[in-house]
Amino acid sequence: MSTTTDTLFTRTDPVLGTFSVRPLDPFTDAELLHGWVTHPKASFWMMQDATLPDVEREYMRICAAEHHQAFIGLHEGRPAFLMESYDPAELELVGLYDPRPGDVGMHFLVAPTDTPIAGFTRAVITTVMSALFADPSTARVVVEPDVRNTAVHALNEAVGFVPDGPVRKPEKEALLSFCTRAQFEAATI
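Residues numbered from 1 in each chain as written. Predicted model: local features only at pLDDT ≥ 70, side-chain atom pairs only at ≥ 80, totals over all residues. Heavy atoms only, no water.

**Comments concerning the overall build of the protein chain**
Applied cut-off: Numbering of helices and strands runs from the N terminus; a helix is a DSSP stretch of H or I covering at least four residues, while a strand is a stretch of E covering at least two. Only the C-alpha atoms count toward the radius of gyration. The rule for a globule is 2.2 Å times the residue count to the power 0.38. Only protein chains enter the area calculation, which uses a 1.4 Å probe; residues under 20% of their type maximum are buried, those over 50% are exposed, and those in between are partly exposed. We call two residues in contact whenever any of their non-hydrogen atoms come within 4.5 Å of each other.
The helix and strand inventory of the protein chain stands at five helices and eight strands. When the helices and strands of the protein chain are placed in sequence order, the string is β-β-α-α-β-β-β-α-β-α-β-β-α. For the protein chain, whose C-alpha radius of gyration is 16 Å, the value lies close to the compact-globule estimate of 16 Å for 189 residues. Each principal axis of the C-alpha atoms in the protein chain carries an extent, and together these give about 40 × 35 × 30 Å. Per-residue burial over the protein chain gives 47% buried out of 189 residues. Restricting to contacts in the protein chain with at least 6 residues of sequence separation, those with at least 24 account for 58%.

**Topic: the environment of Val21**
Note that Val21 resides in strand β2 (residues 17-23). On the accessibility criterion, Val21 (3% relative accessible area) is buried. Along the primary structure Val21 and Thr10 are separated by eleven residues, whereas in three dimensions their C-alpha atoms are 6.5 Å apart.

**Regarding the packing of helix α1 (residues 30-37) against helix α2 (residues 52-64)**
The cut-off we apply is this: Comment: axis = line fitted to C-alpha atoms, over the contacting stretch for helices; angle = value between 0 and 180 degrees taken between N-to-C directions. Note that the term roughly parallel is reserved for angles under 35 degrees, roughly antiparallel for angles over 145, roughly perpendicular for angles of 65 to 115, and oblique for everything else.
Running from N to C, α1 and α2 point in directions that differ by 110°, and their axes come no closer than 9 Å. With respect to α2, the axis of α1 lies roughly perpendicular. On α2, the residues touching Ala30, Glu31, Leu33, His34 and Val37 of α1 are Leu52, Val55, Glu56 and Tyr59.

**Structural notes on the packing of aromatic side chains**
Aromatic rings considered in pairs are described by the distance between their centres and by the relative angle of their planes. Counted only if it meets this: Pairing of aromatic rings covers Phe, Tyr and the six-membered ring of Trp, with a centre-to-centre limit of 6.5 Å; geometry is then stacked below 30 degrees between planes, edge-to-face above 60, and tilted otherwise.
Throughout the structure, instances matching the rule amount to three aromatic pairs. Between Phe19 and Phe120 the ring centres are 5.5 Å apart and the planes differ by 45°, which places this aromatic pair in the tilted class. Highlighted residues: Phe19 in strand β2 and Phe120 in helix α3 (residues 120-133), separated in sequence by 101 residues. A relative accessible area of 0% places Phe19 in the buried class. Here Tyr97 and Phe178 contribute two aromatic rings whose centre-to-centre distance is 5.5 Å and whose plane-to-plane angle is 45°, an arrangement assigned as tilted. Of the two residues, Tyr97 is situated in the loop between β4 (78-86) and β5 (103-110) and Phe178 in strand β8 (residues 173-180); the sequence distance between them amounts to 81 residues. Take Tyr97 and Phe178: they sit in the same class, and that class is buried.

**A closer look at the pattern of salt bridges**
Selection criterion: Take a side-chain nitrogen of Lys or Arg and a carboxyl oxygen of Asp or Glu: if they are within 4 Å of each other, that pair is a salt bridge.
Here the structure, examined in full by the defined rule, presents ten salt bridges. Taking the shortest distance from any N to any O, the salt bridge between Arg11 and Asp13 comes out at 3.2 Å. The same class applies to Arg11 and to Asp13, which are both buried. For Glu58, the salt bridge goes to Arg61, with nearest N and O atoms at 2.6 Å. Here Glu58 and its partner Arg61 are both found in helix α2, three residues apart, which amounts to about one turn of the helix. A cluster of three or more residues bridged by salt bridges with shared partners is formed by Glu92, Glu144, Lys169, Glu171 and Lys172.

**Focus on the sheet that holds β5**
Counted only if it meets this: Pairing between strands requires that DSSP locate at least two bridges from one strand to the other.
The sheet built from eight strands is open, its strands ordered β1-β2-β3-β4-β5-β6-β8-β7 with mixed pairing. Since the sheet does not close on itself, it has two edges, and those belong to β1 (9-13) and β7 (162-168), each with one partner. Direction aside, the axes of adjacent strands within the sheet are offset by 30° on average. Taken together, the five bridges between β1 and β2 define a ladder with antiparallel strand orientation. Each bridged residue has a counterpart across the sheet, and for Asp13 the counterpart in β2 is Gly17. Each of β7 and β8 is contacted by helix α5 (residues 181-188), which is oriented at about 85° to β8, the strand it contacts most.

So, in structure tokens, the structure goes:
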């Protein structure tokens, strides 16, 4: 098992500094995550009423899954965001679209803060996308945020996502969107 000090990816933002990604440890990170996923600003994460053991169990399940991974994102060495990747041909979107080789599903959540930094969330999604595209087998990133989450739709568009249309999932109506490597590079140059 990896430790919480293993850095998997690092990106330097010219304005905001160093962002990095490490594996999530469901035992040592559960308390941190509990504060993030139950915060009122994380309503679209759908874990508002989760207890600490609920969060620990959920991330133990994700970390043990064959087609789902979770990571802690750091800003200047401090935990600042949650990142998940998954195989949309196996999870989340099975039967809702025609997956292609190289598709990777993604979720991200920025930690709540009392002192927001201008451009921070955009730097986070840019880091998440850069980390996913650092894998040469990733051809396209797929997201399925709640159709009501207009803030994340704007962020997705800013890094190259193109909406495909709504899809009905058991827990929500989602806006299925795709971003190829070329679309990401064109949007972030």
